[in-house]
Amino acid sequence: MAALVKVSSGSKKYAGKQYFVNALQDVSLTLQRQEVVVLTGPSGSGKSTLLNIVGGIEKLDQGELAYVFSDSFSCRNLNEALRLKYLGFVFQDFGLLPLLNAIDNVAFPLQLRGLSRTERRRVAAELLEQVGLSKVAHKSVSYLSGGERQRVAIARAFANSPQIVLADEPTANLDETNVRIVLELLRNSCERYGTTILMVSHDARCASVADRHLQLKDGHLQDMRRMN
Amino acid sequence: MISPAIFQQAFHNVTANKRRTIFVLFLIGISVCALLLMNAFVKRVYWGVRESVVRSQTGHLQIMSKKYDQLRNVESSQTLFDPNETLLGELSKIPGVMIVTRRVEFKGLIGNGSQSTVFTGVGVEPREDSTISSFDRVINGRALSSVDQWNIAVGSGLAQGLSVVPGNSVIVTTVMPQGGLNAADFEVVGITQSDSSDYDQHIMKIPLVVAQKLLNTTSASKVVLLLDSTDKTAEVKQAVQKILNRSAPDLIVKDWRELNPQYDKIVALYSRIFGFMAFALVLVSILSIGNVMSMSFLERIREFSVMRTIGMRKSTLVSMLMAEGASLALLASIVGILIAWLITWGIGLAGGIPMPPPPGSNRGFSLLLELSLPGVWQVLWASIFVGIAACVLVAWRAVHLQPAQGLRHA
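Rules behind the numbers
- Residues numbered from 1 in each chain as written.
- Chains lettered and ligands numbered in written order.
- Predicted model: local features only at pLDDT ≥ 70, side-chain atom pairs only at ≥ 80, totals over all residues.
- Heavy atoms only, no water.
- Helix = DSSP H or I, 4+ residues; strand = E, 2+ residues; numbered from the N terminus.
- Buried < 20%, exposed > 50% of the residue type's maximum accessible area, 1.4 Å probe, protein only.
- Contact = heavy atoms within 4.5 Å.
- Areas by Shrake-Rupley, 256 points an atom, 1.4 Å probe, with all protein chains shown as cover.
- Axes fitted to C-alpha atoms, helices over the stretch in contact; angles between N-to-C directions.
- Left-handed = near helix turned anticlockwise from the far one by under 90°.
- pLDDT = per-residue confidence, 0-100.
- Expected span 1.5 Å × (residues − 1).
- Pairing = 2+ DSSP bridges.
- Polar contact = N/O pair within 3.5 Å; in protein donor to acceptor, adjacent residues only side chain to side chain.
- Phe/Tyr/Trp six-rings, centres within 6.5 Å; stacked < 30°, edge-to-face > 60°.
- Lys NZ or Arg CZ within 6 Å of the ring centre and 35° of its normal.
- Patch = residues over 30% accessible without salt bridge, like charges linked within 9 Å, V, L, I, M, F, W, Y side chains within 5 Å.
- Salt bridge = Lys/Arg side-chain N within 4 Å of Asp/Glu carboxyl O.
- Buried area = accessible area lost by both parts, 1.4 Å probe.
- Nonpolar A, V, L, I, M, F, W, Y, C, P; charged D, E, K, R; others polar.

Participant: An account of the overall build of chain A is requested, with residue identities and associated values reported.
Facilitator: Looking only at helices and strands, one finds six helices and ten strands in chain A. Put simply, chain A has 228 residues, and 56% of those count as buried. Long-range pairs, those at least 24 residues apart, make up 68% of the contacts in chain A between residues at least 6 apart in sequence. Surface exposure of chain A reaches about 10,200 Å², of which carbon and sulfur atoms provide 46%.

Structural data, given as structure tokens:
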């Protein structure tokens with residue numbers, strides 16, 4: 001499989017008032033196309049930092065980062081336009097826009113790309129159908145359950161057919177049933193759209209859908225096991 | 001290019017966040033309403049000052065000899081002229097001209113036998129003058145009529161000074177333009193009151209033909225024109241000037257504004273007061289809305305961070321926030337305009353607000369307010385500016401927010 005993202009010897013420090021925190025130390029990570037990678041580790045181990053760095057919203061202090069989105073296009077940094085085109089995000093607290101209803105939340109990335117209202121609504125409706133939420137499409141997200149909100153967030157992450165979806169603790173606020181639904185959705189979406197998924201979680205259950213399970217401890221990355 | 005969808009999004013945000021929207025609607029709405037009412041009040045004051053001088057003293061336009069303008073001496077024979085019927089006929093045919101009438105002005109002493117005082121006399125054609133002086137009120141007796149001969153109407157201040165009432169006789173003494181004194185007995189038929197107490201202190205009106213007899217002349221000091229609308233003054237003045245250039249080059253025409261320079265002073269004074277109050281209201285609105293938007297910024301840090309993480313450009317975020325501010329202000333302006341319209345309508349139904357006499361005036365008035373379309377437009381644009389200006393700080397903070405930092409914000 002071809003490498004889609006490559007982090008080489010990456011380090012990141014956060015400066016406190018009197019001390020530094022080494023969030024990442026000499027981390028190397030390669031994400032292949034169409035694989036699901038789960039990154040676990042205790043709180044403060046640097047999981048979210050690594051996810052943000054891959055997502056282009058934080059910078060490495062040392063080391064290198066490279067994206068190869070196609071044979072003809074690779075880059076080292078992501079601006080907003082590239083994030084919009086190639087990446088999708090799922091957040092722990094869903095990250096939905098509270099003033100919008102479900103379909104408008106899913107359509108939001110399409111709106112940023114300038115699609116017409118009709119087109120973006122059509123695409124968003126299809127995505128909501130795939131996550132089983134057609135019935136609540138026009139409901140405000142404030143009225144949805146946690147599981148429903150995370151499914152809306154997953155639908156939104158896939159709206160622009162991204163090459164990578166980055167999921168930060170996608171199951172953290174969900175009950176057992178919804179954890180299973182969300183993990184299945186992510187796995188199925190990866191297969192359907194050929195997307196690479198990097199998932200950060202405390203939850204060991206997430207490893208069940210992973211092709212690879214990595215662990216971060218005190219800023220160091222360890223490859224736990226390779227799933228089949 | 002910024003997608004129109006971003007503006008839809010902004011409008012959606014505005015209408016979806018009801019609590020914030022209602023609060024800001026209230027803030028801007030009240031300011032818009034206050035600005036509109038203040039604007040209507042000032043416009044009404046301007047109108048009152050303008051029309052009271054036009055319709056009780058000067059008319060819209062006055063034709064006089066160039067010498068009159070230079071000498072400022074109403075008694076000089078050099079300032080009199082003979083407006084012939086052809087000239088008067090031509091003037092009355094100018095579109096917008098309602099009345100063309102002659103006047104002769106003179107000064108002198110008026111006495112009741114035991115006391116006397118100075119006066120400014122105006123010989124008028126009573127029928128025409130009753131229309132020109134429509135803002136004057138007869139507070140005792142009656143107005144001059146075309147059948148009156150040795151009768152006069154005096155201003156209320158003059159009547160009070162002389163202690164005369166209708167039916168009393170007075171002696172009027174004046175200097176004739178050619179020199180020499182002339183005097184005659186007159187009967188007071190009416191006491192009039194204008195909006196200006198100064199004017200009422202010395203004004204005395206008598207029929208034109210009688211004034212000419214008293215002054216031993218057939219000439220006039222002025223030709224006064226009343227128009228059907230004050231807005232036509234400049235246009236008619238130009239037409240009059242053309243006629244004078246052709247047929248009476250020794251005469252000049254002056255409009256009510258040149259004849260009443262105090263009008264511009266009043267306008268300048270009120271404009272400054274209004275401008276200062278408007279500035280204060282706009283400033284308070286900007287600070288209040290800016291404060292509300294800043295509070296909402298703290299609530300929306302994660303929202304902005306999510307948007308930026310997903311791929312919203314900084315410029316798009318700024319446009320969206322500005323559009324939110326403008327949409328809020330637009331909605332609030334509509335609310336403010338409706339409230340102001342309701343208030344002015346209510347005031348109209350109640351017959352106006354009783355106001356005390358303004359400085360230099362004899363009488364109070366009922367204040368009726370009317371919203372002007374240009375005023376509404378000005379306030380509408382000003383409030384949209386306020387809405388956008390209030391969002392500048394929030395927009396600045398939003399675009400300088402690091403998405404990763406914002407996502408950690410609880």
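Participant: Go over the packing of helix α13 (residues 314-349) of chain B against helix α14 (residues 373-399) of chain B with me, naming the residues and quoting the values.
Facilitator: All names here are of chain B. Orientation of α13 relative to α14, taken along the N-to-C sense of each, is 145°, at an axis distance of 7 Å. Regarding α13 and α14, the two cross each other, and that crossing is right-handed. Contact residues: K314, L317, V318, L321, M322, G325, A326, A329, L330, S333 and I337 in α13; V376, L380, S383, I384, G387, I388, C391, V392, V394, A395, A398 and V399 in α14.

Participant: Lay out the confidence of the model for chain B with the relevant residues and their values.
Facilitator: For chain B, per-residue confidence averages 85 on the pLDDT scale, and 93% of positions sit at 70 or higher. On the interface metric, ipTM, the complex scores 0.89, and its pTM is 0.66.

Participant: Break down helix α2 (residues 18-58) of chain B for me, citing the residues and quoting the values.
Facilitator: Here α2 of chain B contains 41 residues, and its C-alpha end-to-end distance of 56 Å stays within 8% of the 60 Å for a straight helix at 1.5 Å per residue. Remark: G59 of chain B follows α2 of chain B within two positions and exhibits a positive phi of approximately 70°.

Participant: I'd love a proper account of the sheet that holds strand β2 (residues 20-32) of chain A, names of residues and values included.
Facilitator: Residues and elements named next belong to chain A. Within the open sheet, the four strands sit side by side as β2-β1-β4-β5. Their pairing is antiparallel. Among the strands making up the open sheet, the edge pair consists of β2 and β5 (73-75). Neighbour-to-neighbour, the strand axes of this sheet turn through a mean angle of 15°, independent of strand direction. Judged from the nine bridges that link them, strand β1 (residues 3-15) and β2 form a sheet pairing that is antiparallel. Note that in β2 the partner of K13 across the bridge is N22. The sheet contacts of helix α1 (residues 47-54) involve β1, β2 and β4 (62-70), and relative to β2 the element is tilted by about 55°.

Participant: Got a sec to walk through the environment of N182 of chain B? Specific residues and values, please.
Facilitator: Residues and elements named next belong to chain B. Looking at the secondary structure, you find N182 in strand β7 (residues 181-193). Residue classification places N182 among the partly exposed residues on the basis of a relative accessible area of 24%. Measuring from C-alpha to C-alpha, the distance between N182 and N216 comes to 8.8 Å, with 34 residues separating the pair along the chain. Setting aside chain neighbours within four positions, we find N182 in contact with V172, T173, T174, M176, K213 and L214. A distance of 2.7 Å separates the side chain of N182 from the backbone oxygen of L214, its partner in a polar contact.

Participant: Break down the pairing of β4 of chain A for me, citing the residues and quoting the values.
Facilitator: Residue and element names in this part refer to chain A. With five bridges joining them, β1 and β4 adopt antiparallel strand pairing. Within β4, the residue paired with V5 across the bridge is Y67. Examined bridge by bridge, β4 and β5 share three bridges and lie antiparallel to one another. When the bridges of β5 are listed, V68 appears paired with S74. Taking the residues that link successive antiparallel strands as the turn, the β4-β5 hairpin has two residues.

Participant: An account of the pairing of strand β2 (residues 97-111) of chain B is needed here, citing residue identities and associated values.
Facilitator: All names here are of chain B. Burial of β2 is extensive: eleven of the 15 residues sit out of reach of the surface. Alignment of β2 against strand β9 (residues 222-227), held across six bridges, turns out to be antiparallel. Paired with T101 across the bridge in β9 is V224. Here β2 runs beside strand β3 (residues 116-124); their pairing, made up of nine bridges, is antiparallel. Bridge pairing in β3 links I110 to T117.

Participant: Please give an account of helix α6 (residues 176-193) of chain A that cites residues and values.
Facilitator: The first and last C-alpha atoms of α6 of chain A sit 26 Å apart over 18 residues, in line with the 26 Å expected at 1.5 Å per residue. The positive-phi residue at the C-terminal boundary of α6 of chain A is G194 of chain A, with phi of around 65°.

Participant: Describe the packing of aromatic side chains, listing the residues and the values that go with them.
Facilitator: Each aromatic ring pair is described using two quantities: the centre-to-centre distance and the angle formed by the ring planes. One pass over the structure, following the stated rule, counts 13 aromatic pairs over all chains. Relative to Y86 of chain A, the ring of F73 of chain A lies with its centre 5.8 Å away and its plane at 25°, an arrangement referred to as stacked. Remark: Y86 of chain A occurs in helix α2 (residues 80-86) and F73 of chain A occurs in strand β5; sequence separation between them is 13 residues. Between F106 of chain B and F119 of chain B the ring centres are 5.7 Å apart and the planes differ by 80°, which places this aromatic pair in the edge-to-face class. One end of the pair, F106 of chain B, is in strand β2; the other, F119 of chain B, is in strand β3, and 13 residues separate them in sequence. We classify F106 of chain B as buried; its relative accessible area is 1%. When the ring centre of F20 of chain A is taken as origin, the NZ or CZ atom of K13 of chain A, which lies over that ring, is 5.6 Å away.

Participant: Describe a nonpolar patch on the surface, with residues and values.
Facilitator: Side chains of L269, I273, F276 and M277 of chain B sit close together on the surface and give an oily, nonpolar patch of about 420 Å² of accessible area. In this structure, F276 of chain B sits in helix α11 (residues 262-299).

Participant: Account for unusual backbone geometry, with residues named and values stated.
Facilitator: Residue and element names in this part refer to chain A. Non-glycine residue S161 carries a positive phi angle of around 45°. Along the chain, S161 turns up in the loop between α5 (146-157) and β7 (164-168). Take S161: its relative accessible area is 51%, and that puts it in the exposed class. In this structure, E169 is a non-glycine residue whose phi angle is positive, near 50°. Locating E169 in the fold gives a position in the loop between β7 and α6.

Participant: How would you sum up the interface of chain B and chain A? Please name residues and give values.
Facilitator: Tallying the contact residues gives 25 residues for chain B and 24 residues for chain A. Across the chain B/chain A interface, buried area totals approximately 2,100 Å², and carbon plus sulfur atoms make up 63% of it. Linking chain B with chain A are two salt bridges, by the criterion used here. Where E80 of chain A meets R308 of chain B, a salt bridge forms, and the shortest distance between an N and an O atom there is 2.8 Å. Elements supplying a minimum of two residues to the side of chain B that touches chain A: α1 (4-16), α12 (301-310), α13 and α15 (403-408) of chain B. By residue class, the composition of the side of chain B that touches chain A is ten nonpolar, nine polar and six charged.

Participant: Give a detailed account of the environment of Q378 of chain B, specifying residues and quantitative values.
Facilitator: Following the sequence through the fold, Q378 of chain B ends up in helix α14. The spacing of Q378 of chain B and L36 of chain B is 342 residues in sequence and 9.3 Å in space, taken between C-alpha atoms.

Participant: Which residues make up the pattern of salt bridges, and what values go with them?
Facilitator: Opposite charge on two side chains lets them pair, provided their charged atoms get close. Residue and element names in this part refer to chain B. Summed over the entire model, instances satisfying the criterion amount to 29 salt bridges over all chains. Between E258 and K237 there is a salt bridge whose closest N-O contact spans 2.8 Å. Of this pair, E258 sits in helix α10 (residues 256-259) while K237 sits in helix α9 (residues 233-247), and the two are 21 residues apart along the sequence. Of the residues examined, E258 reaches a relative accessible area of 40% and is grouped as partly exposed. Residues joined in a network through salt bridges with shared partners are R103, D129, D136 and K205.

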